[in-house]
Amino acid sequence: MSSKFKQVSEEIAVKMYSDMVTLQTMDSIFYEAQRQGRISFYATTIGEEAINIASAAALTIDDLVFPQYREPRVLLWRGFSLQEFANQCFGNKDDYGKGRQMPIHYGSHKHNYFTVAATIAVILKRHDVLCRVGKTSTASIIKIDMSYFHTLRK
């Protein structure tokens, strides 16, 4: 029986594992900073490590990502540095949003990662507009876009 799944190389597997461990450490540091009052808001991605990395690995850098709170691993996979995460969480002078976004509302034009939106309705609207633009464009500018949604857990 043949499989349609493509085996990942050892190099990719090691990067996947390394990124998962790196962001577990980042989650611990920023969560503690939030608990100590150093930053106002932080949501961890505990338990969602593999799905972020696997979906990011399946995309190319040209593919667009519409994240919610728990997809920072997609940015890490695409080359967003730990310093860039810290700049955004602390809203310092090197933050791309110039401190105007809540912590963990990451965004990066360079990485085709739309700024995190706090409400799903905004994400749906962005996605809808992008799909309409892609359908009416004469040039095929969009290959894939990825939207992430989360449900509340009890």
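Bear in mind that the values here come from a model prediction, so they are computed numbers and not experimental data. (Residues numbered from 1 in each chain as written. Predicted model: local features only at pLDDT ≥ 70, side-chain atom pairs only at ≥ 80, totals over all residues. Heavy atoms only, no water.)

Peer 1: I'm lost on the overall build of the chain in this one. Help?
Peer 2: Along the backbone of the chain there are five helices and two strands. The order of helices and strands in the chain, counted from the N terminus, is α-α-β-α-α-α-β. Burial analysis of the chain (154 residues in total) assigns 37% to the buried set. Partitioning the intrachain contacts of the chain with sequence separation of at least 6 by distance along the chain shows that 64% fall at a separation of at least 24. Carbon and sulfur atoms provide 58% of the accessible area of the chain, an area that totals close to 9900 Å². (Helix = DSSP H or I, 4+ residues; strand = E, 2+ residues; numbered from the N terminus. Buried < 20%, exposed > 50% of the residue type's maximum accessible area, 1.4 Å probe, protein only. Contact = heavy atoms within 4.5 Å. Areas by Shrake-Rupley, 256 points an atom, 1.4 Å probe, with all protein chains shown as cover.)

Peer 1: Help me out: how do you make sense of the pattern of salt bridges in this one?
Peer 2: For side chains of opposite charge, pairing can occur when their charged atoms come near one another. A complete count under the given rule lists two salt bridges for this structure. One salt bridge connects Asp-19 with Lys-15, and the closest N-O pair in it is separated by 3.0 Å. Here Lys-15 and Asp-19 lie together in helix 1 (residues 10–35), a separation of four residues that amounts to about one turn. The closest approach of N and O atoms between Asp-94 and Lys-93, which form a salt bridge, is 3.6 Å. Taking relative accessible area as the criterion, Asp-94 reaches 43% and is therefore assigned partly exposed. (Salt bridge = Lys/Arg side-chain N within 4 Å of Asp/Glu carboxyl O.)

Peer 1: Would you explain helix 2 (residues 49–58) in this entry?
Peer 2: Note on helix geometry: an α-helix contains 3.6 residues per turn, so any two residues three or four positions apart are oriented the same way. Listed as buried for helix 2 are Glu-49, Asn-52, Ile-53, Ser-55 and Ala-56. Viewed along the axis of helix 2, the buried residues span an arc of 165°, placing them on a single side of the element. Exposed residues on helix 2 whose side chains face more than 90 degrees from its buried face are Ile-51 and Ala-58. (Arc of directions from axis to C-beta.)

Peer 1: I keep staring at the packing of aromatic side chains and nothing clicks. Help me out?
Peer 2: What characterises a pair of aromatic rings is the spacing of the ring centres plus the angle enclosed by the ring planes. For the structure shown, the criterion picks out seven aromatic pairs. Where Phe-30 meets Tyr-42, the ring centres are 5.6 Å apart and the plane angle is 50°; that geometry is what we call tilted. Placement of the pair is Phe-30 in helix 1 and Tyr-42 in the loop between helix 1 and helix 2, with a sequence separation of 12 residues. By relative accessible area, which is 7% here, Tyr-42 ends up buried. (Phe/Tyr/Trp six-rings, centres within 6.5 Å; stacked < 30°, edge-to-face > 60°.)

Peer 1: Would you mind showing me how to read helix 1 here?
Peer 2: Here helix 1 spans 37 Å end to end across 26 residues, near enough to the 38 Å set by a 1.5 Å rise per residue. Those residues of helix 1 not exposed but buried are Met-16, Asp-19, Leu-23, Met-26, Asp-27, Phe-30 and Ala-33. For helix 1, the elements touching its buried residues are helix 2, helix 3 (72–77) and helix 4 (82–90). Gly-37 sits one or two residues past helix 1 and shows a positive phi near 85°. (Expected span 1.5 Å × (residues − 1).)

Peer 1: Got a minute to help me understand the nonpolar core in this structure?
Peer 2: In globular proteins that are soluble, nonpolar side chains generally tend to be buried together. Ranked by internal contacts, the top residues of the largest apolar core, which has 25 residues, are Phe-30, Tyr-42, Phe-85 and Tyr-106. If you list the elements that add at least two residues to this core, you get helix 1, helix 2, helix 3 and helix 4. When residues of this core are assigned to their parent elements, the largest contribution, five residues, is made by helix 1. Once residues within four sequence positions are removed from consideration, Tyr-42 is found in contact with Met-26, Asp-27, Phe-30, Tyr-31, Gln-34, Cys-89, Ile-104 and Tyr-106. (Core = buried A, V, L, I, M, F, W, Y, C linked by side-chain atoms within 4.5 Å.)

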